[in-house]
Amino acid sequence: MNQLRFAGLITIATFMPTVALADILLKGQKSVRHDYQFAASKTLEEHRLVLAPSAGFKGVRKIEPGTRFRLNAKYGGRFYVVPNNEEFPVEFDKEKFGNWPSTRSPQSENSILPVSSPIDSISTTLKFVSVTDSNPIIDVVDHVEHWCEVEQPFESSFPSVSTIALALGLAMFSCLLVFHRLKNRQLNSLPNTPTTK
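Quick look at the structure, then. Nothing here was measured: the structure is a model prediction, and the numbers come from that model. (Residues numbered from 1 in each chain as written. Predicted model: local features only at pLDDT ≥ 70, side-chain atom pairs only at ≥ 80, totals over all residues. Heavy atoms only, no water.)

**Structural notes on the overall build of the chain**
At step 1: The number of helices and strands found in the chain is 4 helices and 9 strands.
At step 2: Its helices and strands in sequence order give the chain the pattern α-β-β-α-β-β-β-α-β-β-β-β-α, from N to C terminus.
At step 3: Buried residues in the chain amount to 24% of all 197 residues.
At step 4: Looking at the chain alone, contacts between residues at least 24 apart form 66% of all its contacts between residues at least 6 apart.
At step 5: By element, 58% of the accessible surface of the chain is carried by carbon and sulfur atoms, the whole surface being about 14,800 Å². (Helix = DSSP H or I, 4+ residues; strand = E, 2+ residues; numbered from the N terminus. Buried < 20%, exposed > 50% of the residue type's maximum accessible area, 1.4 Å probe, protein only. Contact = heavy atoms within 4.5 Å. Areas by Shrake-Rupley, 256 points an atom, 1.4 Å probe, with all protein chains shown as cover.)

Pasting the structure below:
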């Protein structure tokens, strides 16, 4: 029994970081997609720029111009320049990568917005300008917030109940007025009868 309890605690401890860092939407919030891509540049052609970690706490993504990707910011995603004398990494090694020039994205990831926001998705274009001994220089070329289509309120061509009621009331009033005038004309057209004493 103790062994089963110990195994359960180990399982919970293993998955807790993932749960804690997951996107938790609060009331009044929504999740939107924020994509990134790099524009073509000579610096990007001459150096091996990667994003790591690229999926959770693992993974390495090589940056290619025009290819969209997610920043993976909540798991510490950074841009690293892989030295030419190093083999291209297939897994993220935090200690090894820490010796290479690196930087965070100059445009932070924004994937949680209020539900009242008209923004449906976001796209950011970056450019690898240069690299120093300590970090790559990356600029923001373009940042676009795509709005969702706002539905127009439904407008019915059929008149409302209040309009119909008002029209009926006016019609009835007009009929009563005409009837009253006709009755007065009939009374006025009758001959006067003499009174007897």
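Following the structure, the description resumes.
**Brief notes about the packing of aromatic side chains**
At step 1: Taken as a whole, this structure holds 9 aromatic pairs when the rule is applied.
At step 2: Ring centres of Phe69 and Phe79 lie 6.2 Å apart, and the angle between their planes is 85°; this geometry places the pair in the edge-to-face category. Linking Phe69 in the loop between β4 (61–62) and β5 (78–82) with Phe79 in strand β5, this pair joins segments that are 10 residues apart in sequence.
At step 3: For the ring pair Phe97 and Trp100, a centre distance of 4.7 Å and an interplane angle of 40° mean the geometry is tilted.
At step 4: Look at Trp100 and you get buried, because its relative accessible area is 7%.
At step 5: Each residue in the set Tyr36, Phe38, Phe69 and Phe79 is aromatic and connected to the rest through ring pairs, giving one cluster. (Phe/Tyr/Trp six-rings, centres within 6.5 Å; stacked < 30°, edge-to-face > 60°.)

**Remarks on the pairing of strand β3 (residues 48–52)**
At step 1: The buried fraction of β3 is high, at 5 of 5 residues.
At step 2: Judged by which residues are buried, β3 turns out to be covered on both faces: Arg48, Val50 and Ala52 on one side and Leu49 and Leu51 on the other are all buried.
At step 3: Two strands pair when backbone bridges link them, and β3 and β5 are joined in this way by 5 bridges, in the antiparallel orientation. If you follow Val50 over to β5, its bridge partner there is Tyr80. (Pairing = 2+ DSSP bridges.)

**Considerations on the nonpolar core**
At step 1: If you look at the biggest cluster of nonpolar residues, it comprises 13 residues, and the most contacted ones within it are Phe38, Leu49, Ile63, Phe69, Phe79, Phe128 and Ile138.
At step 2: Taken together, the elements giving at least two residues each to this core come down to β2 (33–38), β3, β5 and β8 (119–131).
At step 3: Here Phe128 is in contact with Phe38, Ser41, Thr43, Leu44, His47, Leu49, Val81, Pro136, Ile137 and Ile138, once residues within four sequence places are set aside.
At step 4: Among the nonpolar cores identified, the runner-up in size contains 7 residues, and Val60, Val82, Phe97 and Trp100 belong to it. (Core = buried A, V, L, I, M, F, W, Y, C linked by side-chain atoms within 4.5 Å.)

**Observations regarding the pattern of salt bridges**
At step 1: Tallying each qualifying case throughout the model produces 3 salt bridges.
At step 2: A salt bridge links Arg33 to Asp35; its shortest N-O distance comes to 2.9 Å.
At step 3: Given the relative accessible area of 45%, Arg33 is considered partly exposed. (Salt bridge = Lys/Arg side-chain N within 4 Å of Asp/Glu carboxyl O.)

Purely spatial values, then, with no claim about function.
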